[in-house]
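Listed below, chain by chain, are the residues.
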Amino acid sequence: MPSALPIADPAPTDGLLPASAVDGWADRAFGVYLHVPFCRVRCGYCDFNTYTAEEIRGVRQSDYAGQALAEVGFAARVLERTGAPARPASTVFFGGGTPTILPAADLAEMLSGVRGTWGIEPGAEVTTEANPDSVDEASLAALADAGFTRVSFGMQSAVPRVLATLERTHDPERIPLVVRWARAAGLQVSLDLIYGTPGETAADWQRSLDLALEQQPDHLSAYALIVEPGTKLARQIARGEVPTPDDDLAADLYEQADAVLASAGFSWYEVSNWAREPAHRSRHNLTYWTGQDWWGIGPGAHSHVGGVRWWNAKHPAAYAERLARGESPAVGRETLDPDTRRVEDVLLRVRLVEGLPTGVLDDAGRLAIAGLIADGLVEGAAAIAGRVVLTLRGRLLADAVVRRLLPE
Amino acid sequence: MGEWHDMSPRASQPLAPAATDPSRIRNFCIIAHIDHGKSTLADRMLQITGVVSDRDMRAQYLDRMDIERERGITIKSQAVRMPWATADGTYALNMIDTPGHVDFTYEVSRSLAACEGAILLVDAAQGIEAQTLANLYLALDNDLEIIPVLNKIDLPAADPEKYSRELAQLIGGSPDDVLRVSGKTGEGVEALLDRVVERIPAPVGDAGAPARAMIFDSVYDSYRGVVTYVRMVDGRLQPRERIQMMSTKATHDILEIGVSSPEPTPSQGLGVGEVGYLITGVKDVRQSKVGDTVTTATKPAADALPGYTEPLPMVFSGIYPIDGSDYPDLRDALDKLKLSDAALNYEPETSVALGFGFRCGFLGLLHLEIVTERLQREFDLDLITTAPSVIYEVTTEDRKRHTVTNPSEFPTGTKIAAVEEPTVKASILAPKDYVGTIMELCQSRRGTMNGMDYLGEDRVELHYTMPLGEIVFDFFDQLKSRTQGYASLDYEPAGTQEADLVKVDILLQGETVDAFSAIVHRDKAYAYGTMMTERLRKLIPRQQFEVPIQAAIGARIIARENIRAMRKDVLAKCYGGDITRKRKLLEKQKEGKKRMKMVGRVEVPQEAFIAALSGDVESKKDKK
């Protein structure tokens with residue numbers, strides 16, 4: 001998650017939600033996100049809410065599982081008091097930071113806390129992100145034993161030079177190893193890749209795609225590198241030490257990835273995500289993209305329940321202090337009006353292969369579809385059938401498409 | 001006023017207006033180039049004659065407007081009455097300030113017509129400049145007595161010997177007749193005032209004839225309405241008298257009559273040869289036109305004084321508010337400026353690129369600059385002006401004539417038989433080392449050389465006939481930059497000539513962008529087309545489709561650039577914590593889109609139009 005928090009209303013210290021938020025609660029998916037805000041080192045491009053040992057004051061990683069579980073308990077009480085009957089989580093996702101920087105036992109303890117509080121649906125997707133450096137055969141097996149079903153490795157690139165620019169510490173040769181161990185443990189495997197790193201060539205990117213496909217993962221994510229303000233990478237670019245990423249090159253690399261992945265049997269289902277089978281799509285992430293409910297546990301985590309969104313204090317110490325006082329760790333909250341929910345619906349669902357039902361749009365938005373088809377950004381046949389589905393070029397211009405679909 | 005202290009006036013008893021014998025009056029002006037110290041010298045005269053006390057002295061007292069003060073030029077003239085005594089008694093000296101720039105030639109000529117003599121003031125370190133020469137011609141044409149004076153003799157770089165010879169050569173007489181003064185220290189100023197009394201003829205007029213007074217300036221004052229400055233020729237004018245403007249026959253009552261010394265001082269009237277002001281309560285300078293003759297309604301004069309003409313705009317430009325919602329404010333501001341600027345005219349116009357604005361006519365480029373600067377400064381408006389244009393007379397094959405002051409009025413869809421453009425006689429004065437580069441510039445601007453005069457030892461005056469349209473397009477900037485600022489320019493209208501002129505349109509995706517259309521010589525159409533298409537390619541952000549930018553003469557494309565389609569405009573990641581941020585970004589982008597102008601389907605930021613018009617081309621910012 002990005003480090004900068006939006007400006008919004010203050011969040012109530014008791015965390016209570018309006019009754020309207022839990023209307024239809026039982027009919028929606030309910031995801032639980034657990035943030036682990038620690039990394040061994042901070043990568044140059046990263047602006048996520050994560051901390052290395054040197055950056056943090058008075059917070060011990062070993063205490064973290066307990067603090068997160070305190071929020072799980074707090075969340076359950078808030079939902080109960082708001083009138084939402086306890087229900088099992090449909091997905092659980094551990095993200096970071098680097099969740100696997102914590103001992104597998106801690107992650108298992110957190111997961112078991114979720115299970116004990118809400119329950120976990122049978123067959124639920126339970127994912128953790130992992131750095132190839134921070135897992136081994138035993139830890140992966142332990143995670144599987146604890147109930148994890150899926151691991152998402154931050155592979156990023158197969159090219160050491162590119163990894164060095166990104167300041168990723170792992171050795172690409174470790175990728176086959178960790179994937180084999182995960183498979184052996186019975187975990188589904190997803191690989192995260194980054195393209196458009198300054199200095200990366202089309203050949204470099206091809207090597208990364210090839211290495212990723214050789215592992216026969218179930219799922220792949222490919223993200224264009226974003227230079228976030230305030231990161232070391234942004235400073236390096238500002239000083240001219242690293243060239244500015246080029247959008248046209250990034251577009252080439254995206255098209256290259258889509259072609260390579262398609263020929264290997266992967267289909268896109270979201271702008272930056274491909275799955276071998278529909279069953280391998282990330283159900284947790286689809287929870288975000290289809291406007292379902294989720295509770296984000298941990299510093300800086302965002303939550304959304306029935307049109308109410310809030311986010312926690314970013315710093316682990318501030319987060320822990322609030323929970324210790326029995327207060328909600330949330331520092332900001334917004335209640336989305338119907339129009340805002342519609343806007344979010346458009347900007348999220350248009351990125352999906354299922355597309356956006358044209359009925360979500362207003363008259364002007366529906367009128368804009370013809371122009372989008374003419375410009376080759378939207379699939380004509382799908383639109384006639386009532387859904388706005390992006391073409392390959394449209395995926396690369398998704399934000400522009402959204403602006404045209406929401407004209408006002 | 002650090003170095004200037006007590007100056008006691010020589011004349012202890014000034015002469016009263018309306019009771020001064022014409023033989024005791026001297027009317028004069030100062031002809032000088034910008035920066036040659038006219039205002040400083042005028043300040044010293046005000047101090048030495050005692051009409052302004054040291055305590056009240058402000059630098060350059062006569063230049064009231066901020067812009068004038070900053071630019072060192074006098075736009076609006078005024079007249080000051082100063083007492084001065086010599087051995088044979090007391091005199092009333094009327095110093096009439098003149099505008100110093102070529103755009104205001106008509107106003108200058110009226111100010112000169114109000115005088116019997118002129119001080120020709122020249123910087124002792126720089127010598128005479130083209131505009132000063134032009135005004136000197138006007139003064140000699142009006143039979144004015146010229147008193148040559150070198151100023152700034154206190155400067156280390158002053159070369160009075162050299163420039164005395166130059167002035168003597170120019171106006172005749174001996175170099176020894178050239179007075180030497182320092183407006184800064186006051187040196188030589190008393191002798192100059194004595195010389196004014198001695199050499200400048202007294203005004204002559206018929207005291208018994210019907211009143212005739214020439215208006216040489218007309219100034220709008222927000223408290224008092226229009227203040228009209230006049231030079232009495234015949235008869236007299238008195239308080240509460242009903243007067244008539246001879247050009248319009250309009251009548252007004254005099255509410256106040258008086259002289260400036262330098263603050264307005266009511267008097268019992270004005271008699272033959274006197275210079276003063278009238279206030280009638282009118283609110284618009286157009287009712288009190290420079291050059292017009294004032295007479296009395298009860299006993300009007302038969303003939304007006306000669307020399308009156310309506311001010312004619314020579315240069316036109318569209319003025320638009322950068323923020324479209326400022327349009328009503330711009331209209332109000334122009335309405336207010338009009339009250340004090342009889343030469344300004346305007347009418348509403350709309351532009352696809354720039355929205356609602358006004359087509360304005362100006363006397364010249366400086367006038368345009370002054371008006372836009374006043375609009376921005378006094379009315380706090382952010383403005384964009386289109387490239388200046390001149391008046392073209394276009395004849396189509398069917399023998400219809402069209403007057404074109406705006407490229408959009410250029411006839412289309414029909415064959416053009418002839419286009420006439422205004423020309424000017426330009427005089428350029430510069431050190432002789434720059435003759436080559438100046439000739440090159442003038443030739444590239446379709447100038448025809450009429451001759452060249454050596455002025456003194458090392459300075460040359462070049463005479464050209466040039467299309468005005470070439471001068472209004474950055475000629476002066478080019479001249480200055482190619483001569484390290486040494487060249488000076490003066491020009492006056494010289495009729496029209498036929499020329500092979502075409503209208504070049506600039507098209508975005510096939511749609512004409514009106515603000516960029518220009519009427520140029522056929523030989524330069526290609527250069528203009530490539531320049532503008534290239535500028536726009538750099539300035540317009542990439543769209544979701546390819547955008548051709550073309551320059552065309554009619555249907556014929558003469559230059560083309562392409563803005564490649566944008567390839568990528570998508571945030572890679574959009575997870576739980578990104579959604580609010582992403583939505584806010586969308587809101588921001590939509591806000592930004594509201595500031596975009598649509599040309600067909602192409603979104604163009606207002607700034608891109610402005611930058612393209614001003615030539616300020618940096619690479620476009622990627623909007624994200």
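The coordinates are above.
No experiment lies behind these values; they were computed from the predicted model shown.

S.K.: Sorry, what's going on with the overall build of chain B here?
M.R.: Counting its secondary structure elements, chain B contains 14 helices and 31 strands. Split into buried and exposed, the 624 residues of chain B put 57% on the buried side. At a minimum sequence separation of 6, the contacts of chain B that also span at least 24 residues come to 70%. For chain B, the exposed area adds up to about 25,700 Å²; of that, 49% sits on carbon and sulfur atoms.

S.K.: Whenever I open this one, empty space enclosed by the protein confuses me. Can you help?
M.R.: Residues and elements named next belong to chain A. Counting across every chain of the model gives five cavities of 30 Å³ or more. Taken together, 13 residues line the largest cavity, and the ones lying closest to its centre are Gly15, Trp295, Trp310, Ser328 and Ala330. Here the lining of the largest cavity is composed, by residue class, of eight nonpolar, three polar and two charged.

S.K.: Would you explain the packing of helix 12 (residues 363-374) of chain A against helix 15 (residues 398-405) of chain A in this entry?
M.R.: Helix-helix packing is characterised by the crossing angle of the two axes and by the distance between the axes. Residue and element names in this part refer to chain A. Two elements in contact, helix 12 and helix 15, have axes whose closest approach is 8 Å; the angle formed by their N-to-C orientations is 135°. Judged by the inter-axis angle, helix 12 sits oblique to helix 15. Residues Gly365, Ala368, Ile369, Gly371 and Leu372 of helix 12 form the contact with helix 15, whose participating residues are Val401, Arg404 and Leu405. Residue composition of the contact of helix 12 with helix 15, by class: five nonpolar, two polar and one charged.

S.K.: Just to check I follow, could you spell out unusual backbone geometry for this structure?
M.R.: Glycine aside, negative phi is the norm for most residues, and most peptide bonds take the trans geometry. Here the residue pair A:Gly96 and A:Gly97 is connected by a cis peptide bond, since its omega of 15° sits within 30 degrees of zero. Mapping A:Gly97 onto the fold places it in the loop between strand 2 (89-96) and helix 2 (104-117). The phi torsion at B:Gln509 lies on the positive side, around 50°, for a residue other than glycine. Within the secondary structure, B:Gln509 sits in the loop between strand 25 (501-508) and strand 26 (511-512). With a relative accessible area of 28%, B:Gln509 lands in the partly exposed category.

S.K.: Is there a simple way to explain the environment of A:Trp274 in this structure?
M.R.: Residues and elements named next belong to chain A. Among the structural elements, Trp274 can be located in strand 8 (residues 273-275). Trp274 sits 52 residues away from Ala222 along the chain, and the two C-alpha atoms are 8.3 Å apart. If near-sequence neighbours (up to four positions away) are discounted, Trp274 is found in contact with His219, Leu220, Ala222, Tyr254, Asp258, Leu261, Phe266, Ser267, Trp268, Tyr269 and Arg395. Side-chain polar atoms of Trp274 contact the side chain of Asp258, separated by 2.9 Å.

Each value, and the rule that gives it
- Residues numbered from 1 in each chain as written.
- Chains lettered and ligands numbered in written order.
- Predicted model: local features only at pLDDT ≥ 70, side-chain atom pairs only at ≥ 80, totals over all residues.
- Heavy atoms only, no water.
- Helix = DSSP H or I, 4+ residues; strand = E, 2+ residues; numbered from the N terminus.
- Buried < 20%, exposed > 50% of the residue type's maximum accessible area, 1.4 Å probe, protein only.
- Contact = heavy atoms within 4.5 Å.
- Areas by Shrake-Rupley, 256 points an atom, 1.4 Å probe, with all protein chains shown as cover.
- 1 Å grid on protein atoms, 1.4 Å probe; cavity = no way out; pocket = protein on both sides within 12 Å on 5 of 7 lines; lining within 4 Å.
- Points joined across faces, edges and corners; volume = space filled by probe spheres on them.
- Nonpolar A, V, L, I, M, F, W, Y, C, P; charged D, E, K, R; others polar.
- Axes fitted to C-alpha atoms, helices over the stretch in contact; angles between N-to-C directions.
- Parallel < 35°, antiparallel > 145°, perpendicular 65-115°, else oblique.
- Polar contact = N/O pair within 3.5 Å; in protein donor to acceptor, adjacent residues only side chain to side chain.

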